[in-house]
Amino acid sequence: MAATCALINTFQPSSLPHLPGPKRAITNLSLLTTTTPSRVGCCRRSKTSLLPCVSSSQSFPVTLNDYQFLDGSTEVELRLQLGGRNITNSRDIFVDANGSSLTIKVRLSGSFVTLMETNQLFDKIKPAETIWYIDEDQLVINLKKHDPDLKWPDIVESWESLTMGSMQLLKGTSIYIVGDSTEINQKVAQELAVGLGYTPLTTKELLEVVAKQSVDSWLLAEGSESVVEAESAILQSLSSHARAVIATLGGQHGAAGRAQKWRHLYAGFTIWLSQTDATDEGSAKEEARSHIQDRVAYSNADIVVKLQGWDSDHVKTVAQACLSALKQLVLSDKKLPGKKSLYIRLGCRGDWPNIKPPGWDPSAGVDASPGSSH
């Protein structure tokens, strides 16, 4: 199963998508840049204007009060207010819809000005079936959905539309945040949980409640193996929980850093927050290949978000990139949430993603008939 990856620089923002895990092709990597940290996101486009943005090239920006949005069964409708702009001729309007981008311009005083421009619609459209017309003082644009079953919360992909839209896609499946930094894992998990209305959980806090001591003290007293085993037990108890975002311990002190301890992490969607020095597509691809070849435990994750530096002020930027990549992953295989649910019901036996029939014995590695002993 291919995974999705994003590269983000929280200081000089950039973003990109891809994959991890053994036997996974390195595809869909594209580096995107912008100059405003709060507008960094994750997407599968090749243009440089990122986040769902409504912008103006001159002095007539579209605001939330200027447009109306309606989601239909097979298409979405966008209505832009033209009142006061004295536009009555269709030749004074330019509409360009292409895959996941939309540009709308109008001619004023002999030159075109941009009313709306985004390269990140909430999902893909069928450009050839785009229809637009003028209805009194409104410009009406009908966009045919590429996926008629997907409900669009808004015309563009944003933090708000992603958190709303993720509900229909995740179907209650929990999310696990892994990576080398416990602190980053916790902050991003908290942001995601608040946005999704999920329960925020952190294995560090749960371990400290059980042990009645800090994880650092535990490591000094008993070593990392003891902590890894304890966190594995915590993950086992959490594997049946729905609608939770769980932050795990960072580094080799945590269970997620050990490939043989992923059995219960597979119960939810896993997101690896990977700090990197990669600055372009080529180096990011090479780094991804090395992780796969070296069988880095984190490469088992469904989604990889690569961070060029870290600034807690931009935690929502990282969380948005996680949701954008997660949306693309689930849309590529809508059976994934159901498959995760089946994996849990069969006991999280470690046979992800190729789930074996009921009765399979993970210790023997063979199928067991209903009447056989284990």
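**Q** How do you make sense of the overall build of the protein chain when you look at a structure like this?
**A** On a plain count of helices and strands, the protein chain comes out with eight helices and 15 strands. Among the 374 residues that make up the protein chain, the fraction classed as buried is 51%. In the protein chain, 66% of the contacts between residues at least 6 apart in sequence involve partners at least 24 apart.

**Q** Would you mind going over the pattern of salt bridges with me for this structure?
**A** Charged atoms that come close allow side chains of opposite charge to pair. Counted by the stated rule, this structure contains 13 salt bridges. For Arg-258, the salt bridge is made with Glu-225, and the minimal N-O distance between the two is 2.8 Å. Note that Arg-258 is positioned in the loop between strand E13 (244–247) and strand E14 (269–275) and Glu-225 in helix H5 (residues 224–238), a separation of 33 residues in sequence. Taking the relative accessible area as the measure of exposure, Arg-258 reaches 13% and is therefore buried. By sharing partners, the salt bridges in this structure join Glu-77, Arg-79 and Asp-135 into a single network.

**Q** Please clarify how the sheet that holds strand E6 (residues 93–98) should be interpreted in this entry.
**A** Two pairing modes exist for strands in a sheet, parallel and antiparallel, and in both the strands are linked by backbone hydrogen bonds. Taken together, three strands build an open sheet; the order of strands is E6-E7-E8 and the sheet is antiparallel. The sheet is open, and its two borders are formed by E6 and strand E8 (111–118), each paired with just one other strand. Here the strands of the sheet are splayed against their neighbours by 15° on average, with no regard to which way each runs.

**Q** Help me understand H5, please; the structure alone is not making it clear to me.
**A** Residues three or four positions apart in an α-helix share a direction because the helix packs 3.6 residues into each turn. Compared with an ideal rise of 1.5 Å per residue, which puts 15 residues at 21 Å, H5 spans 21 Å between its outermost C-alpha atoms and is within 8% of the ideal. What H5 keeps buried is the set Val-227, Val-228, Ala-230, Glu-231, Ser-232, Ile-234, Leu-235 and Leu-238.

**Q** Quick question: what am I supposed to make of the sheet that holds strand E9 (residues 131–135) here?
**A** Taken in spatial order, the four strands of this open sheet run E4-E5-E10-E9, and their pairing is antiparallel. Among the strands making up the open sheet, the edge pair consists of strand E4 (67–71) and E9. For this sheet the average axis-to-axis angle between neighbouring strands, irrespective of direction, equals 15°.

**Q** Looking at this structure, how should I read the side chain of Ser-161?
**A** Turning to its location among the elements, Ser-161 is positioned in helix H1 (residues 159–170). We classify Ser-161 as buried; its relative accessible area is 2%. Engagement of the side chain of Ser-161 in a polar contact is seen with the backbone oxygen of Val-156, the distance being 2.9 Å.

**Q** Please clarify how the nonpolar core should be interpreted in this entry.
**A** General note: in soluble globular proteins, nonpolar side chains tend to be found buried as a group. Ranked by size, the top nonpolar core spans 88 residues in total, and within it Leu-102, Ile-104, Val-188, Leu-192, Trp-262, Ile-271 and Leu-273 carry the most contacts. No other element matches helix H7 (residues 315–332), which puts 10 residues into this core. Look past the residues within four positions of Ile-104 in its chain and what remains in contact with it is Leu-78, Leu-80, Phe-94, Val-95, Val-113, Thr-114, Leu-115, Met-116, Leu-139 and Ile-141.

**Q** What's the story with the environment of Gly-257 in this structure? I'm lost.
**A** Mapped onto the secondary structure, Gly-257 falls in the loop between E13 and E14. Relative accessible area serves as the criterion here: at 10%, Gly-257 is assigned to the buried category. A sequence separation of 39 residues divides Gly-257 from Val-296, and the C-alpha atoms of the two residues are 8.0 Å apart. The contact partners of Gly-257, leaving out residues within four places of it in the chain, are Gly-251, Gln-252, Ala-297 and Tyr-298.

Reading guide: rules and limits
Note on numbering: residues in each chain are counted from 1, in written sequence order. Totals for whole chains, interfaces and linings use every residue, but because this is a predicted model, local features are given only for residues with pLDDT of at least 70 and side-chain atom pairs only at 80 or more, for both listing and counting. Neither water nor hydrogens contribute to the side-chain values; these are computed over all heavy atoms in the structure. Put simply, DSSP H or I for four residues or longer makes a helix, DSSP E for two residues or longer makes a strand, and each gets a number counted from the N terminus. Burial here depends on accessible area, computed with a 1.4 Å probe over protein chains only, as a share of the maximum for the residue type. Under 20% is buried, over 50% is exposed, and the range in between is partly exposed. When checking whether two residues touch, look at their non-hydrogen atoms; a contact exists if any pair is within 4.5 Å. Each reported salt bridge corresponds to a side-chain nitrogen of Lys or Arg within 4 Å of a carboxyl oxygen of Asp or Glu. The pairing criterion for strands is at least two bridges between them, as found by DSSP. The angle between two axes is taken between their N-to-C directions and runs from 0 to 180 degrees, where each axis is a line fitted to C-alpha atoms and a helix contributes only its stretch in contact. Each residue after the first adds 1.5 Å to the expected span of a helix. Identification of polar contacts relies on pairs of N or O atoms within 3.5 Å, with a donor-acceptor requirement for protein atoms, meaning one able to donate a hydrogen and the other able to accept it, and with residues adjacent in sequence counted only if both atoms are side-chain atoms. Residues belong to a common nonpolar core when they are buried Ala, Val, Leu, Ile, Met, Phe, Trp, Tyr or Cys residues joined through side-chain atoms within 4.5 Å.

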